[in-house]
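Read off the chains here:
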Amino acid sequence: KVKEFFRRPVIKNIGNLVTYIKGDVEFAREWYGAKGIERECLMYPSNLYKEYKVTDSRCEAINIQVGNSADPSNNHLEVLEMLLPYKDQDICIYAPLSYGSKENANQVIKQAKEWFGDKFVPLTELICFEEYLTFLGSIDIAIFNHKRQQAMGNTITLLGLGKTVYIRSDTTQWQFFKDKGITVRDIEQLNTLEVQNLNENISKVKTYFSQSNYLKQLESLFN
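Residues numbered from 1 in each chain as written. Predicted model: local features only at pLDDT ≥ 70, side-chain atom pairs only at ≥ 80, totals over all residues. Heavy atoms only, no water.

J.: Residues and numbers for the overall build of the protein chain, please.
T.: A tally of regular secondary structure across the protein chain gives nine helices and eight strands. In summary, the protein chain has a C-alpha radius of gyration of 19 Å against a globular reference of 17 Å for 223 residues, a match within 12%. Its C-alpha atoms give the protein chain principal-axis dimensions of roughly 55 × 40 × 35 Å. Split into buried and exposed, the 223 residues of the protein chain put 44% on the buried side. Pairs at least 24 apart in sequence give 66% of the contacts found in the protein chain among residues at least 6 apart. Put simply, the protein chain shows about 12,300 Å² of open surface, and 51% of that area lies on carbon and sulfur atoms. Within the protein chain, one finds 27 positive and 28 negative side-chain charges whose respective centroids are separated by 7 Å. (Helix = DSSP H or I, 4+ residues; strand = E, 2+ residues; numbered from the N terminus. Rg over C-alpha atoms; globule rule 2.2 N^0.38 Å. Buried < 20%, exposed > 50% of the residue type's maximum accessible area, 1.4 Å probe, protein only. Contact = heavy atoms within 4.5 Å. Areas by Shrake-Rupley, 256 points an atom, 1.4 Å probe, with all protein chains shown as cover. Lys, Arg positive; Asp, Glu negative; His and termini not counted. Charge placed at Lys NZ, Arg CZ, Asp CG, Glu CD.)

Following this line, the structure appears as structure tokens:
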């Protein structure tokens, strides 16, 4: 409450609200009465599409990524429970747990091993960027169960690789992707493990999250 007491007048009077997700601005206005001008900008170079030369190393098993960190906001156990009906299928579930809450990571690993045995693979050590790209190239389906805008770096990269991505439909990034014509799946409709190669997403991600678009946005922002 003390933190919010000081945050509210600051956010309310910030002159410019810089984001590429319109829903985040709407929340700032609703929650804090923010009066600033909305400025569209991708913000971070890490959000830009890059044409990675990633080998599609998929095997016969369906590789599923759950979450992007060990933070409890990933709501891992909810997703794992959704995947229980498929535990006897040829699947492999990966969970990046190398940073965030160690306590939550241990809880997730314990429960997931009870449910899925060796079909659950926790990623508990940090790896280099190239290795992580190779990992993403092996993923068939990614599931992000955050209840707020989060994991956009992972999401953008996976969509740019043509992967199937599930997110919550009540988050601001859901409407953002819909507005851009980028196909994402609703986690509440996870009733099949159908693997699709969404090539149409690649061109759309490449166009919007491009360096040229980013530079135009920065030019408009600072001029």
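J.: Lay out the nonpolar core with the relevant residues and their values.
T.: Y20, F177 and F209 are the most contacted members of the largest nonpolar core, which has 30 residues in total. By residue number, the principal contributor to this core is helix α6 (residues 152–160), which donates four residues. I62, V66, F116 and I143 belong to the second-largest nonpolar core, a separate cluster that totals 24 residues. (Core = buried A, V, L, I, M, F, W, Y, C linked by side-chain atoms within 4.5 Å.)

J.: So what about empty space enclosed by the protein? Which residues, and what values?
T.: For the structure shown, the criterion picks out one cavity of 30 Å³ or more. Here the largest cavity is characterised by a volume of approximately 50 Å³. The wall of the largest cavity is formed by L48, Y49, K50, Y52, I156, T157, G160 and L161. Looking at side-chain class alone, the lining of the largest cavity contains five nonpolar, two polar and one charged residues. (1 Å grid on protein atoms, 1.4 Å probe; cavity = no way out; pocket = protein on both sides within 12 Å on 5 of 7 lines; lining within 4 Å. Points joined across faces, edges and corners; volume = space filled by probe spheres on them. Nonpolar A, V, L, I, M, F, W, Y, C, P; charged D, E, K, R; others polar.)

J.: Can you explain helix α8 (residues 199–208)? Please cite residues and give values.
T.: Side chains three or four residues apart in an α-helix point the same way, a direct result of the helix having 3.6 residues per turn. Buried within α8 we find N201, V205 and Y208. Buried residues of α8 fall within an arc of 75° about the axis and therefore sit on the same side. Turning to α8, the residues buried within the fold contact β2 (37–40), α6, α7 (172–179) and α9 (211–222). (Arc of directions from axis to C-beta.)

J.: I'd like a rundown of the sheet that holds strand β5 (residues 120–123), residues and numbers included.
T.: Two modes of strand pairing occur in sheets, parallel and antiparallel, and in both the strands are linked by backbone hydrogen bonds. If you trace the six strands from one edge of the open sheet to the other, you get β5-β4-β3-β6-β7-β8, paired in parallel fashion. Of all strands in the sheet, those bounded by a partner on one side alone are β5 and β8 (185–186). Bridge analysis of strand β3 (residues 62–66) against strand β4 (residues 91–96) gives four bridges, and the strand direction is parallel. Following the sheet pairing, Q65 is matched in β4 by Y94. Each of β4 and β5 touches helix α4 (residues 102–116); the most contacted strand, β5, lies at about 160° to it. Sheet strands touched by α6: β3, β6 (141–143) and β7 (164–167). Its angle to β7, the strand with the most contacts, is close to 145°. (Pairing = 2+ DSSP bridges. Axes fitted to C-alpha atoms, helices over the stretch in contact; angles between N-to-C directions.)

J.: Could you give an account of the side chain of N74, with specific residues and numbers?
T.: Note on placement: N74 falls in the loop between β3 and α3 (76–83). Residue N74 is classed as buried on the basis of its relative accessible area, which comes to 1%. A distance of 2.9 Å separates a polar atom in the side chain of N74 from the backbone nitrogen of N68. A distance of 3.1 Å separates a polar atom in the side chain of N74 from a polar atom in the side chain of S69. Apart from the residues within four sequence positions on either side, N74 is in contact with G67, N68, S69, N145 and H146. (Polar contact = N/O pair within 3.5 Å; in protein donor to acceptor, adjacent residues only side chain to side chain.)

Keep in mind these values describe shape, not function.
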